[in-house]
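Chain by chain, the residues run as shown.
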Amino acid sequence: MPQVGGAVAKPPYVRVTRPDPDGIGVSYMGREIAQVMGHFAAGWLDRAERDAEEKPKLLLDSLELKPGMVIADIGAGSGYFTIPMAQRVGPTGTVYAVDIQREMLHLVMKKSRDANLRNVKPILGATTDPKVPANSTDLMLLVDVYHEFDRPYEMTQAMVRGLKPGGKLVFVEYRGEDPSVPIKPLHKMTEAQLRKEMAIHPLKWEKTIDVLPVQHIIVFRRPK
């Protein structure tokens, strides 16, 4: 891939001749980008079965959150992970709840008020920028959302800027390698595809954690 000023040039966004019904008709680095799940489907995020199906506590434990950390929940949705992360980092920590839909942020902030949490800060992001302050976060978490970014290159650039040196970028995606995972194909990603897409950014793959029933936890770090 061509180099520009020492960095990898932005891969092209390519129109798909025969788009998938669940896609936006644009391909990036060999995969069609999936459609965004709207706020009307927020109830699915909070479904009672999710705890048994996805074991979210295992994910939270894997993040090794500590009091005082600054976290960004990118694509926070209804706040399913925002609230427990805010509880874990405590009053000296901060969780930025980032979403491009105001309606989702309203849900998150209602939950934070109900839980008497004062360390959740909503951010209305854009499709090219989560608008997290530069060099501010210890960890960014993206749960089942990266595959829906319609500008993944620009978003990843901006997310890297938002990380502190040494900060972690953590992706949770349904395993695209496993046909038995009952999720539409465009809403799953393989580890290989995600690592390929991150390899063009100033990030280092750190580890892949496979403790969840149907998802990968793939961890990258911004070098110090």
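## Some remarks on the pairing of strand E4 (residues 23–28)
At step 1: Counting buried positions over the six residues of E4 gives five, a clear majority of the element.
At step 2: Pairing geometry for strand E3 (residues 13–15) and E4, over three bridges, is antiparallel. Within E4, the residue paired with Val14 across the bridge is Ser27.
At step 3: In terms of strand pairing, E4 meets strand E5 (residues 31–34) through three bridges, oriented antiparallel. Among the inter-strand pairings, Gly23 is bridged to a residue of E5, identified as Ala34.

## Some thoughts on the sheet that holds strand E10 (residues 163–174)
What holds strands together in a sheet is hydrogen bonding between their backbones, with the strands either parallel or antiparallel.
At step 1: Within the open sheet, the seven strands sit side by side as E8-E7-E6-E9-E10-E12-E11. Their pairing is mixed. The strands lining the two open edges of the sheet, one partner per strand, are strand E8 (120–124) and strand E11 (204–209). Taken pair by pair, the neighbouring strands of this sheet meet at an average axis angle of 20°, ignoring direction.
At step 2: Here seven bridges tie E10 to strand E12 (residues 215–221), and the two strands are oriented antiparallel to one another. Residue pairing for E12: Val172 is matched across the bridge by Ile217.

## Overview of the packing of aromatic side chains
At step 1: Within this structure, the stated rule accounts for five aromatic pairs.
At step 2: Residues Tyr80 and Phe81 carry aromatic rings whose centres are separated by 5.1 Å and whose planes lie at 80° to one another, so their mutual orientation is edge-to-face.
At step 3: On the accessibility criterion, Phe81 (6% relative accessible area) is buried.
At step 4: On the numbers, 5.8 Å between centres and 85° between planes, the contact of Phe171 with Phe220 is edge-to-face. One end of the pair, Phe171, is in strand E10; the other, Phe220, is in strand E12, with 49 residues separating them in the sequence. Neither Phe171 nor Phe220 differs from the other in exposure class; each is buried.
At step 5: For the cation-ring pair, Arg151 lies above Tyr13, with the distance from its terminal atom to the ring centre recorded as 4.6 Å.
At step 6: Positioned above the aromatic ring of Trp205, the side-chain terminus of Arg195 is 3.8 Å from the ring centre.

## Things to note about the sheet that holds E5
At step 1: If you trace the three strands from one edge of the open sheet to the other, you get E3-E4-E5, paired in antiparallel fashion. Only two strands of the sheet have a single neighbouring strand rather than two, namely E3 and E5. In this sheet, adjacent strand axes meet at a mean angle of 45° when their direction is disregarded.
At step 2: Here helix H6 (residues 152–162) sits on the sheet in contact with E3, E4 and E5, set at roughly 160° to E3.

## Comments concerning helix H4 (residues 82–89)
At step 1: Extensive coverage of H4 is indicated by the burial of six of its eight residues.
At step 2: Of the residues flanking the end of H4, it is Gly90, one or two places downstream, whose phi is positive at about 75°.

## Describing the environment of Pro122
At step 1: On the secondary structure map, Pro122 appears in strand E8.
At step 2: Residue classification places Pro122 among the partly exposed positions, given a relative accessible area of 42%.
At step 3: When the C-alpha positions of Pro122 and Ala97 are compared, they lie 4.7 Å apart, and in sequence the two are 25 residues distant.
At step 4: When neighbours within four sequence positions are excluded, Pro122 is seen to be in contact with Ala97, Leu105 and Met109.

Criteria and cut-off values
Residues numbered from 1 in each chain as written. Predicted model: local features only at pLDDT ≥ 70, side-chain atom pairs only at ≥ 80, totals over all residues. Heavy atoms only, no water. Buried < 20%, exposed > 50% of the residue type's maximum accessible area, 1.4 Å probe, protein only. Helix = DSSP H or I, 4+ residues; strand = E, 2+ residues; numbered from the N terminus. Pairing = 2+ DSSP bridges. Axes fitted to C-alpha atoms, helices over the stretch in contact; angles between N-to-C directions. Phe/Tyr/Trp six-rings, centres within 6.5 Å; stacked < 30°, edge-to-face > 60°. Lys NZ or Arg CZ within 6 Å of the ring centre and 35° of its normal. Contact = heavy atoms within 4.5 Å.

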